[in-house]
Amino acid sequence: MNTRDTDDLAERPRAFLILHGWQNHRPEGHWQHWLAGRLGELGQHVTYPQLPDPDDPDLEVWLTEVARHLDALAGAERVVVAHSASAVLWLHAAARGLPGPAGVDRVLLVAPPSASVLAGLPEIAAFALTELDFTLPGPTRLVAGDDDPYCPEGADTVYGDPLGVPTRMLSGAAHLDLDAGYGPWPAVLDWCLDGTAELTARAG
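Residues numbered from 1 in each chain as written. Predicted model: local features only at pLDDT ≥ 70, side-chain atom pairs only at ≥ 80, totals over all residues. Heavy atoms only, no water.

## Some points on the packing of helix α2 (residues 31-41) against helix α8 (residues 186-193)
Between two packed helices, the angle of one axis relative to the other and the distance separating the axes together describe the packing. Which entries qualify depends on this criterion: Structural elements are reduced to axes, namely lines fitted to C-alpha atoms, with helices fitted over the stretch in contact, and the angle between N-to-C directions of any two is expressed from 0 to 180 degrees. Numbering goes from the N terminus for both helices and strands, where a helix is a DSSP run of H or I of at least four residues and a strand is a run of E of at least two. With respect to orientation, any angle under 35 degrees is reported as roughly parallel, any angle over 145 as roughly antiparallel, any angle of 65 to 115 as roughly perpendicular, and every other angle as oblique. Rotating anticlockwise by less than a right angle from the far helix to the near helix defines a left-handed crossing, while the corresponding clockwise rotation defines a right-handed one. Throughout, a residue-residue contact means that at least one pair of heavy atoms, one from each residue, lies within 4.5 Å. Residue classes follow a fixed rule: Ala, Val, Leu, Ile, Met, Phe, Trp, Tyr, Cys and Pro count as nonpolar, while Asp, Glu, Lys and Arg count as charged, and any other residue, Gly among them, counts as polar.
Axis separation between α2 and α8 bottoms out at 10 Å; the angle between their running directions is 45°. Between α2 and α8, the angle falls in the class oblique. Helix-helix and strand crossings are classified by hand; for α2 and α8 the assignment is right-handed. Along the contact surface, α2 presents W31, W34, L35, R38 and L39, while α8 presents P186, V188, L189, C192 and L193. Residues of the contact of α2 with α8, tallied by class, amount to nine nonpolar, no polar and one charged.

Put into structure tokens, the structure is as follows:
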């Protein structure tokens, strides 16, 4: 890499796309809402959209929305943080070889629900992903609770191992949502700012 390439990389802006899950109306107490606020305070470009019909989502509509938001961030270092159903949404996009995921620099998947659970929920049954014979297009990390009721088989077993994704299982973190006490979560902010940071449980 020559000096000019190094300079271009150093000057490249960073942009974050934060994607919520099923029935999530971006409540202020949720760690994703907190994360969007903290990144904004630090001068980072953050997109945290309310995806259409979060209580009864359409997979195809959500895929289109993700592509649209990623297109709007073109030219930046693009970092995606996806929780719950949107973590599986991201895997659908990758499995289909959609162009958006291929151009993303880093991805964090948080608490993806398993296909067995999704299939039993009519509103999001279409999100169930049973075939994992694809390669993720960019650096991806996975973090989940070791007692997540939405992925009782374990996210490491269901997704991490088959996809070859580095996975951190957090003790007692359940679905990493408000019910599990995940409001402010400093470790996820640290990861956003430095992709080598360790993903640890919240304090307390």
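Resuming the write-up.
## Comments concerning the packing of aromatic side chains
Aromatic rings in a pair are described by how distant their centres are and how their planes are angled relative to each other. Convention followed: Any two of the Phe, Tyr and Trp rings considered here, Trp counted by its six-membered ring, make a pair once their centres fall within 6.5 Å; the pair's planes then place it as stacked at under 30 degrees, edge-to-face at over 60, or tilted in between. Only protein chains enter the accessibility calculation, which uses a 1.4 Å probe; a residue whose area is less than 20% of its type maximum is buried, one above 50% is exposed, and one in between is partly exposed. The rule for a charge over a ring is simple: NZ of Lys or CZ of Arg within 6 Å of the ring centre, and within 35 degrees of the ring normal.
For the coordinates displayed, the defined rule picks out three aromatic pairs. Measuring from centroid to centroid gives 5.1 Å for W31 and W185, while their planes differ by 90°, and the two rings are edge-to-face. Of this pair, W31 sits in helix α2 while W185 sits in the loop between β6 (167-170) and α8, placing them 154 residues apart in sequence. Residue W31 shares its accessibility class with W185, and that shared class is buried. On the basis of an interplanar angle of 80° and a centroid distance of 5.2 Å, the ring pair of Y182 and W185 is categorised as edge-to-face. There is no split in this pair, since Y182 and W185 are both buried. One aromatic cluster is present, formed by W31, Y182 and W185 through successive ring pairs. Taking the ring centre of W191 as reference, the NZ or CZ of R106 above it sits at 4.6 Å. Directly above the aromatic system of Y182 lies the positively charged group of R202, at a separation of 5.4 Å from the ring centroid.

Such coordinate-based values are descriptive only and should not be taken to indicate function.
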